[in-house]
Amino acid sequence: MKVHFHSTQFQMTQPLAEPVWSPKVPRWYQLDGAAHVVIQLLVEANFQFDSLILASPQSCNQTDFDFARNEGRKAQKFVHTLPNIRASMALQALDRVCPVYCLLSGSDTLEVALEEWVAQRAEGRRPALVVVDPVTDENQYTAWVMAAGPDTKAEVKKTL
Amino acid sequence: MSYLNFVTVSTCHGHGTQKLVEGILNGCGPQSRLNDSESPFFSKNDSFPSALEMVRSELAVQITEMKNQGLPERGRWGVILASTKGIIDDLIWNTEDYNFDTFTPILDEIKAIFPFPIERSLTVSNACTSSHAAIEMAQSWLRRNWVDHVFIFGFDKIGTFTLGGFQTLKALSHDSVVRPFDKNRNGLLLGDSSASCVISREPSRDSFIVGPVQGICEGVSATRPDISGINLKDCYQKACPETPDLVIAHGTGTFYNDATESKAIFQAFPDSRNIRVTCSKWSVGHSLGASGLIDLGLATEIFKQKIIPGILTLQESDLEVSENLVRKTEKFDGDNILISSLGFGGTCSALNVRKAQ
């Protein structure tokens, strides 16, 4: 099996530069940093997948914290306190519809998510695993995605 | 195929699925401590019990009930927490203690109190469809032969953070009455609840069959579903290939949610005229991550008591399902219930419950 892997990072600076995928996500400027990096990641990677496993070891805690602490709290900020919104916005940018699994298990989150990815793949599905990791002190976000390549004979031969 | 071998709930109506139905039949509305409170939002409020205290007490009661039902002690167990924000209100207001993990303390409590060894554990946080997603994950674990039983606990503390968030969204009912599918529906109320269930590979006494959960994320909007209902319709059709006798709708009483469910029910089943539609949130409030499990508890009582509680706040509906809505208590002799769920980010899901033969 060939596994595609792609990683990216995003710096949440103001004012935000308009991303290439902005026409697909009209209110892109309302997204939090983690949502930005997930969309950027999946658009850059352009992998094929039929389910999306989103592992957020730190959940949406930075967004929670910002929402609770900042004056003038807004609805659009509140919805980003839910981890699945990141996946939803990425699917919007990609024009896709698929099952999403937002999994967390403390320090075991990555292990659990990888296990789920392998199991889904073994069942014949084509999952994408996205891991988001905010570097909170620097408003910087990193994320990576892995997805299985096509299982054509040619692809297998090329991989071998 | 998987079996629902146990389900219980703790809502504003008390503990247990029977109390849930009694409360709905009596017409009680959501009684969250906060919905009627004058407490200012966005601040820690010490007059409310901590979320972790609530978790401890409710878990203790629910697990005791589970043990009393004589579930098999043999077998490998997994546990899943279904939650949207965990115990965030215990942590978010205190910078010093804020440790950026609002779920693991709940899982740790489950592990500490659970009477059997646990093979694996996980939190699923798929917004308001978390219960459905947790059941789907449990079914995967059973199918892969990773475990023999999965205990699922659904919980979200309705605190100032969550309530304040829904207030900013203007999603709360203006007059503290939730009117699902009504022409004059104007929003939801939140409800403190928790629920748990056991999904197993093998049936036990009084089991129910839970069909494969069908969930999808449509990525249309952060705050509302695709109002065409097309993706929810697909979930319904896959979850329930035969026309259900009853749909327990998500029924939040919000404009888009109810309209979408109405369309999806009509599109999914050609003979939709015979489907009855009811819901619970007008009576117990919206309990977020636990809401799907609460409706699962309601479904089992509907099978047992052979009655469908009506939506007592409903006055006039202009939606497609108007004629299908259960307004007063009705008899039920069906064997096929569909439970619908929607959440922020266009996540939608459905599952089918049937009596085991």
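Computed from a predicted model, the values in this text were never measured in an experiment.

Novice: Which residues make up helix α2 (residues 51–68) of chain B, and what values do they have?
Specialist: Every α-helical turn comprises 3.6 residues, leaving residues that sit three or four positions apart pointing alike. Residue and element names in this part refer to chain B. Spanning 18 residues, α2 covers 26 Å between terminal C-alpha atoms, matching the ideal 26 Å at 1.5 Å per step. Within the span of α2, buried status applies to Ala51, Leu52, Met54, Val55, Glu58, Leu59, Gln62, Ile63 and Met66. Here the buried residues of α2 occupy an arc of 135° about the axis, which is enough to place them on one side. Looking one or two residues past α2, Gly70 carries a phi angle of roughly 70°, positive in sign.

Novice: Can you lay out empty space enclosed by the protein for me, pointing to particular residues and giving the numbers?
Specialist: Under the criterion given, the structure shown has 5 cavities of 30 Å³ or more. Its volume calculated, the largest cavity comes out at about 100 Å³. Listing elements by their share of the lining of the largest cavity, those giving two or more residues are β3 (100–104) of chain A together with α5 (130–143), β8 (214–217) and β14 (347–355) of chain B. Residues belonging to the lining of the largest cavity are distributed by class as follows: 7 nonpolar, 6 polar and 1 charged.

Novice: Before we move on, could you go through the pairing of strand β4 (residues 127–135) of chain A and cite the residues and values that matter?
Specialist: All names here are of chain A. Of all the 9 residues making up β4, 7 are buried; the element is thus mostly covered by neighbouring parts of the structure. Across 5 bridges, strand β2 (residues 51–55) lies against β4 in parallel orientation. The partner of Leu52 across the bridge, within β4, is Ala128. Here β4 runs beside strand β5 (residues 140–148); their pairing, made up of 8 bridges, is antiparallel. Bridge pairing in β5 links Val135 to Gln140.

Novice: Break down the pattern of salt bridges for me, citing the residues and quoting the values.
Specialist: Where side chains of opposite charge bring their charged atoms close, a pairing between them can arise. In this structure the tally under the stated criterion is 17 salt bridges over all chains. When the shortest N-O distance is used, the salt bridge between A:Asp64 and B:Lys85 registers 2.7 Å. Of the two residues, A:Asp64 is situated in helix α2 (residues 61–69) and B:Lys85 in the loop between β3 (77–82) and α3 (88–91); the pairing between them involves two chains. The exposure class assigned to B:Lys85 is buried, which follows from its relative accessible area of 4%. The closest approach of N and O atoms between B:Asp258 and B:Arg185, which form a salt bridge, is 3.8 Å. Taken together, the positions of B:Asp258 in helix α8 (residues 255–268) and B:Arg185 in the loop between α6 (160–168) and β6 (193–200) put the pair 73 residues apart, joining distant regions of the chain.

Novice: Would you mind going over the packing of aromatic side chains in detail, with residue names and values included?
Specialist: A full pass over the atoms with the stated rule returns 15 aromatic pairs over all chains. Ring centres of B:Phe208 and B:Phe303 lie 5.5 Å apart, and the angle between their planes is 25°; this geometry places the pair in the stacked category. Residue B:Phe208 is found in strand β7 (residues 208–210), and its partner B:Phe303 is found in helix α10 (residues 291–305); the two are separated by 95 residues along the sequence. The class of B:Phe303 is buried, set by a relative accessible area of 4%. An aromatic cluster of at least three residues, connected via ring pairs, comprises A:Phe67, A:Phe78, B:Phe161, B:Phe166 and B:Phe344. For B:Arg120, the ring lying beneath its charged end belongs to B:Trp141, and the centroid distance is 5.6 Å.

Novice: Residues and numbers for the confidence of the model for chain B, please.
Specialist: Residue and element names in this part refer to chain B. Looking at chain B, pLDDT values average 90 and 93% of them are 70 or higher. Confidence drops under pLDDT 50 across residues 36–42; counting only partners more than four residues distant or on other chains, this segment forms 14 contacts. Across the predicted assembly, pTM comes out at 0.94 and ipTM at 0.93.

Novice: I'd like a rundown of the packing of α5(B) against α10(B), residues and numbers included.
Specialist: Describing two packed helices takes the angle between their axes plus the distance from one axis to the other. Residue and element names in this part refer to chain B. Orientation of α5 relative to α10, taken along the N-to-C sense of each, is 80°, at an axis distance of 6 Å. Taken together, the axes of α5 and α10 are roughly perpendicular relative to one another. Where α5 abuts α10, its residues Ser131, His132 and Ile135 lie against Ser291, Gly292, Leu293 and Leu296. Residues that form the contact of α5 with α10 fall into these classes: 3 nonpolar, 4 polar and no charged.

Novice: Describe the packing of helix α1 (residues 17–25) of chain B against α10(B), naming the residues involved and giving the relevant values.
Specialist: Residues and elements named next belong to chain B. Contact geometry of α1 with α10 gives a least axis separation of 9 Å together with a crossing angle of 85°. If you check the angle between α1 and α10, you find them roughly perpendicular. Here Thr17, Gln18, Leu20, Val21 and Ile24 of α1 come into contact with α10, specifically with Ile294, Gly297, Leu298, Thr300, Glu301 and Gln305. Grouping the amino acids of the contact of α1 with α10 by side-chain chemistry returns 5 nonpolar, 5 polar and 1 charged.

Novice: Let's hear about the layout of surface pockets: which residues, and what values?
Specialist: All names here are of chain B. Volume-wise, the largest pocket comes out at about 480 Å³. Surrounding the largest pocket, 22 residues form its lining, Ala171, Thr223, Arg224, Thr254 and Phe344 being those nearest its centre. In terms of residues, the lining of the largest pocket owes the most to one element, α8, which gives 3 residues. Across the lining of the largest pocket, the residue classes break down as 10 nonpolar, 10 polar and 2 charged.

Novice: Tell me about the interface of chain A and chain B, residues and numbers included.
Specialist: With 41 residues of chain A in contact, the opposing surface of chain B contributes 48 residues. Between chain A and chain B the total buried area reaches about 3600 Å² when both faces are included, carbon and sulfur atoms providing 60% of it. Across the contact surface, chain A and chain B share 5 salt bridges. Between B:Arg144 and A:Glu116 there is a salt bridge; the shortest N-O distance is 2.8 Å. Looking at the side of chain A that touches chain B element by element, the count peaks at 7 residues for α2(A). For the side of chain A that touches chain B, the per-class residue count stands at 22 nonpolar, 11 polar and 8 charged. In this sheet, strand β4 (residues 118–124) of chain B lies alongside β3(A) in antiparallel orientation, the contact comprising 2 bridges. Residue pairing across strands places A:Leu103 opposite B:Val124, the latter belonging to β4(B).

Cut-offs used in this document
- Residues numbered from 1 in each chain as written.
- Chains lettered and ligands numbered in written order.
- Predicted model: local features only at pLDDT ≥ 70, side-chain atom pairs only at ≥ 80, totals over all residues.
- Heavy atoms only, no water.
- Helix = DSSP H or I, 4+ residues; strand = E, 2+ residues; numbered from the N terminus.
- Expected span 1.5 Å × (residues − 1).
- Buried < 20%, exposed > 50% of the residue type's maximum accessible area, 1.4 Å probe, protein only.
- Arc of directions from axis to C-beta.
- 1 Å grid on protein atoms, 1.4 Å probe; cavity = no way out; pocket = protein on both sides within 12 Å on 5 of 7 lines; lining within 4 Å.
- Points joined across faces, edges and corners; volume = space filled by probe spheres on them.
- Nonpolar A, V, L, I, M, F, W, Y, C, P; charged D, E, K, R; others polar.
- Pairing = 2+ DSSP bridges.
- Salt bridge = Lys/Arg side-chain N within 4 Å of Asp/Glu carboxyl O.
- Phe/Tyr/Trp six-rings, centres within 6.5 Å; stacked < 30°, edge-to-face > 60°.
- Lys NZ or Arg CZ within 6 Å of the ring centre and 35° of its normal.
- pLDDT = per-residue confidence, 0-100.
- Contact = heavy atoms within 4.5 Å.
- Axes fitted to C-alpha atoms, helices over the stretch in contact; angles between N-to-C directions.
- Parallel < 35°, antiparallel > 145°, perpendicular 65-115°, else oblique.
- Buried area = accessible area lost by both parts, 1.4 Å probe.

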